[in-house]
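Breakdown of the fold
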Protein chains: 2
Amino acid sequence: MQTVAVIGATGAVGQEIVKLLEKRNFPLRKLRLFASSRSLGKTMSFQGNALALEILSEDALRTIDLAFFAAGSKVSLEWIPKAKKHGALCIDSSSAFRMDQAVPLVIPEINKAALEKHQGLIASPNCAATVLLLPLAPLHQAFQAKRIVLSTYQAASGGGAELLKHLIEETRSVLEERSHPTHLPFPYAFNLFPHTSALQENGYVDEELKMLHETRKILNDEMLQLSATCIRVPVLRAHSVSANIEFHRSFTLEEARELVQHAPGVTLFEDRGGNRFPTPHDATSQDNVLCGRLRLDPSQPKTLELWAVGDQLLKGAALNAVQIGEECIRECLS
Amino acid sequence: MQTVAVIGATGAVGQEIVKLLEKRNFPLRKLRLFASSRSLGKTMSFQGNALALEILSEDALRTIDLAFFAAGSKVSLEWIPKAKKHGALCIDSSSAFRMDQAVPLVIPEINKAALEKHQGLIASPNCAATVLLLPLAPLHQAFQAKRIVLSTYQAASGGGAELLKHLIEETRSVLEERSHPTHLPFPYAFNLFPHTSALQENGYVDEELKMLHETRKILNDEMLQLSATCIRVPVLRAHSVSANIEFHRSFTLEEARELVQHAPGVTLFEDRGGNRFPTPHDATSQDNVLCGRLRLDPSQPKTLELWAVGDQLLKGAALNAVQIGEECIRECLS
């Protein structure tokens, strides 16, 4: 790959993408980092060099072969069509194009075959959906999931670097009994709240509907039913999901555990003797999603309960995008 | 009532009981406060007086007409049989006797008729079960609940005053980048974890099984199915539950909302225009359970999603116990 760009390089996800490109020795000749005008004059470190932060322009796009978009939907909607026009392959972490039929929505461990049909743009899925999907995919393949009831415990980082900083600063203020500027319509320190994405007529918020639609698209099963409740918790950067999954086919707990244990991108984390199961702290800075508390639900046949936790900034966002890039280099461009 | 006792008066729940006896002007002539030997020589304030903390003894029990037990299962198992023998009416906040067939398990708003059959002991239910049950009870009466899938977000106070203090101190240490003594086998600051009550052979922890068995007992419906995942979150003192409830009978969202709106002990908290729903901070120090995010689950007929939040120390424990005491004075002893 000649020139790679990260758009939104100073954001929570963008920073992780830059770190991963270095750590994973991503094949590139030149890296260009783009951010908003507030970052002009600043630099970020990459492979021992201080790279200047630039402002995105059509001129800049002409030089780019592969672009990681991590600046949110608004920037993606404006700039991805232009980047494609100039021939850049775009990998988008935002939700802007995920449900577009012409755009593959990819978790490489699950559906990398979908990459083959890309038309210059590949979307990386919602972070909470990814945490569910990694253990779910092999179970679905074996037993065919019918209906999922899901509750999430989503970290601050999913709301961006600003929300993460706000959680820490507000918590500090509460502990020091100082007043603090409001950022949300309610406190966040030692508090949690239903996800504040747009509320739809049916009573679900967009985040919950993404869980349904993206899960269907990635598993390629429009019949799959899913009802989600998405909650933001005062945790820094790993999302947890509690999933109750009804399947079409019968299975034993041992069969389910075996599948999760060998699922790519998943670590089975079950210390039943020590009553120790995954926590967000365990999952932080880990590439794999940690899965545990697998149990048959006695309230209904063919139903499994599971608990999965994954680093929102890594597999939930930056790592998955970089892995898509690596697959493209291996497959699409080979 | 002549003499009322609080056993475990210095604990998280005991302190709230003492405050509520004063605030609600509970009919009593004398209050006696019992704690462990560590509290000997200390006092607690009640109605402007400093009451000495005492150590429980058989002699002391002889003087007591009504005893609130809030010192955990071990103390209840040892002392309640003795207290009953000496003629004290016991109200127990622990789980020690909840599933005993001879012991009514009571939420006054739901099943105060069960009080009539008491034999000197009444149990107050699990805090997370109470948060679910207050909105559930009128819905169950109208549409008959069939199966519930539940995920909880349980506050530190449910683990006692020590855990609450530990969460605050550990969070302070993390923010100040100081090391801190470990209290749990994993960090709690900015972290969450599956409930650490005993893990059973079927993969559920005791807390989750309490949700099932206590819900069945209070609603007097042994056919009701329930699968719970109980999670401890870094929140101070209000529990939240995300519940997916399948009913036997059909209903409209408006019918369900109407029932929740008029449920005793419940406040419907739904600002759909402002996308504002209950948070633990909203429920803190509130007597009522706050309920919101009512929506029909499109993934299955006759199924409702709801979100409920209640102060663990008030309706989840101390308030319910005091209300049982008030009912007993009104009904049992009239």
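Residues numbered from 1 in each chain as written. Chains lettered and ligands numbered in written order. Predicted model: local features only at pLDDT ≥ 70, side-chain atom pairs only at ≥ 80, totals over all residues. Heavy atoms only, no water.

Moving on: the overall build of chain A. If you tally the helices and strands in chain A, you get ten helices and 15 strands. Here the C-alpha atoms of chain A give a radius of gyration of 20 Å, agreeing with the 20 Å that 2.2 N^0.38 yields for 334 residues. By principal-axis analysis of the C-alpha atoms, chain A measures approximately 60 × 60 × 45 Å. Relative to its 334 residues, chain A shows a buried fraction of 59%. (Helix = DSSP H or I, 4+ residues; strand = E, 2+ residues; numbered from the N terminus. Rg over C-alpha atoms; globule rule 2.2 N^0.38 Å. Buried < 20%, exposed > 50% of the residue type's maximum accessible area, 1.4 Å probe, protein only.)

Okay, the packing of aromatic side chains next. For the structure shown, the criterion picks out 15 aromatic pairs over all chains. Ring geometry for B:Y153 against B:W307: centres 5.2 Å apart, planes inclined by 80 degrees, an arrangement best described as edge-to-face. With B:Y153 in strand β8 (residues 145–153) and B:W307 in strand β15 (residues 303–311), the pair connects residues that are 154 residues apart, well separated along the chain. The two residues B:Y153 and B:W307 agree in class, both being buried. Clustering of aromatic rings is evident, with ring pairs tying together A:Y153, A:W307, B:Y153 and B:W307. (Phe/Tyr/Trp six-rings, centres within 6.5 Å; stacked < 30°, edge-to-face > 60°.)

On to unusual backbone geometry, then. Residues and elements named next belong to chain A. The phi torsion at N275 lies on the positive side, around 50 degrees, for a residue other than glycine. Assignment of secondary structure puts N275 in the loop between β13 (266–268) and α9 (280–283). At K302, a residue that is not glycine, the phi angle is positive and equals roughly 55 degrees.

This brings us to the confidence of the model for chain A. Any residue range with low pLDDT should be treated as having predicted coordinates unsuitable for detailed reading. With 99% of its residues at a pLDDT of 70 or more, chain A shows a mean pLDDT of 96. Complex prediction metrics read pTM 0.96 and ipTM 0.96. (pLDDT = per-residue confidence, 0-100.)

With that settled, consider the sheet that holds strand β13 (residues 266–268) of chain B. Residue and element names in this part refer to chain B. A sheet is described by the order of its strands in space; here six strands give the open sequence β10-β8-β12-β15-β14-β13, paired in mixed fashion. In this open sheet, the two strands that pair with only one neighbour each are β10 (225–229) and β13. Direction aside, neighbouring strands of the sheet carry axes that sit 25 degrees apart on average. Two strands pair when backbone bridges link them, and β8 and strand β12 (residues 238–247) are joined in this way by eight bridges, in the antiparallel orientation. Paired with V149 across the two strands is N244, which belongs to β12. This element, helix α5 (residues 127–143), spans β8, β10, β12, β13, β14 (289–296) and β15 of the sheet and lies at about 30 degrees to β12. Against the sheet, helix α7 (residues 206–219) touches β8 and β10, its axis set at about 150 degrees to β10. (Pairing = 2+ DSSP bridges. Axes fitted to C-alpha atoms, helices over the stretch in contact; angles between N-to-C directions. Contact = heavy atoms within 4.5 Å.)

This part is about the relation of the copies chain B and chain A. Between the two copies, chain B and chain A, the superposition gives an RMSD of 0.0 Å; the rotation angle is 180 degrees and the shift along the axis is 0.0 Å. Given the turn and translation reported, the copies of this chain are related as if by a two-fold rotation axis. Counting the interface residues of chain B, we find that 100% of their copies in chain A are interface residues as well, pointing to one common contact surface. (Least-squares fit on C-alpha atoms with pLDDT ≥ 70 in both.)

The next point concerns the interface of chain B and chain A. Contacts between the two partners involve 60 residues from chain B, matched on the other side by 60 residues from chain A. Here chain B and chain A share an interface that buries about 5000 Å² over both sides, 57% of which is from carbon and sulfur atoms. Notably, a salt bridge pairs A:R293 with B:E208, separated by 2.5 Å at the nearest N-O pair. Across the contact surface, chain B and chain A share 38 residue pairs in polar contact (both at pLDDT 80 or more). (Buried area = accessible area lost by both parts, 1.4 Å probe. Salt bridge = Lys/Arg side-chain N within 4 Å of Asp/Glu carboxyl O. Polar contact = N/O pair within 3.5 Å; in protein donor to acceptor, adjacent residues only side chain to side chain.)

All names here are of chain A. One open sheet accounts for six strands, arranged β10-β8-β12-β15-β14-β13; its pairing is mixed. Among the strands making up the open sheet, the edge pair consists of β10 (225–229) and β13. Averaged over all neighbouring strand pairs, the angle between strand axes comes to 25 degrees, with direction disregarded. In this fold helix α8 (residues 253–261) packs onto β13, β14 (289–296) and β15 (303–311), with an angle of close to 175 degrees to the strand it touches most, β14.

Residue and element names in this part refer to chain A. Two numbers describe how helix α5 (residues 127–143) lies on α8: the axes approach to 8 Å, and their chain directions differ by 130 degrees. For the element pair α5 / α8, the angle class is oblique. In terms of crossing hand, the pair formed by α5 and α8 is right-handed. On α8, the residues that touch P135, P138, L139, A142 and F143 of α5 are E255, A256, L259 and V260. Here the residues of the contact of α5 with α8 sort into eight nonpolar, no polar and one charged. (Parallel < 35°, antiparallel > 145°, perpendicular 65-115°, else oblique. Left-handed = near helix turned anticlockwise from the far one by under 90°. Nonpolar A, V, L, I, M, F, W, Y, C, P; charged D, E, K, R; others polar.)

Residue and element names in this part refer to chain A. Residue position: R232 is located in strand β11 (residues 231–232). Only 2.8 Å separates the side chain of R232 from the backbone oxygen of A155, close enough to count as a polar contact. Excluding residues within four positions of it along the chain, R232 makes contact with Q154, A155, A156, G158, G159, L163, Y188, L192, F193, H195 and H239.

Residue and element names in this part refer to chain A. Relative to the helices and strands, H86 is located in the loop between α3 (73–85) and β6 (89–92). Taking relative accessible area as the criterion, H86 reaches 23% and is therefore assigned partly exposed. Each C-alpha atom, one on H86 and one on G292, is 45 Å from the other, the two residues being 206 residues apart in sequence. Discounting chain neighbours no more than four positions away, the residues touching H86 are E58, L61 and R62. Separated by 2.8 Å, the side chains of H86 and E58 make a polar contact.

Residue and element names in this part refer to chain A. Taking 1.5 Å of rise per residue, 13 residues should cover 18 Å, and α3 covers 18 Å from first to last C-alpha, within 8% of that figure. A maximum bend of about 35 degrees is found in α3 at W79, where proline P81 lies one to four positions downstream. Looking at α3, one finds that the buried residues are S76, W79, I80 and A83. Structurally, α3 contributes buried residues whose contacts are with α2 (58–61), β5 (66–69), β6 and β7 (121–123). The positive-phi residue at the C-terminal boundary of α3 is G87, with phi of around 90 degrees. (Expected span 1.5 Å × (residues − 1). Bend = angle between axes of the 7 residues up to and from the residue.)

Residues and elements named next belong to chain B. Most of β10 is tucked away, with four of its five residues classed as buried. Where β8 meets β10, five bridges bridge the pair, whose relative direction is parallel. Residue pairing across strands places S151 opposite T229, the latter belonging to β10.

Residue and element names in this part refer to chain A. Considering the arrangement of structural elements, one finds L150 in strand β8 (residues 145–153). Expressed as a C-alpha distance, the spacing of L150 and L132, which sit 18 residues apart in the sequence, is 8.9 Å. Apart from the residues within four sequence positions on either side, L150 is in contact with L132, M211, S227, A228, T229, V241, S242 and A243.

An ideal rise of 1.5 Å per residue puts 20 Å on 14 residues; α7(B) measures up with 20 Å between its terminal C-alpha atoms. The element α7(B) is largely enclosed, with a buried count of ten among its 14 residues. Of the residues making up α7(B), those classed as buried are B:E207, B:E208, B:L209, B:M211, B:L212, B:E214, B:T215, B:R216, B:I218 and B:L219. Residues of α7(B) that are buried sit in contact with β14 of chain A together with α4 (108–111), α5, β8 and β10 of chain B. Where α7(B) terminates, the next one or two residues include B:N220, which has phi positive at roughly 55 degrees.

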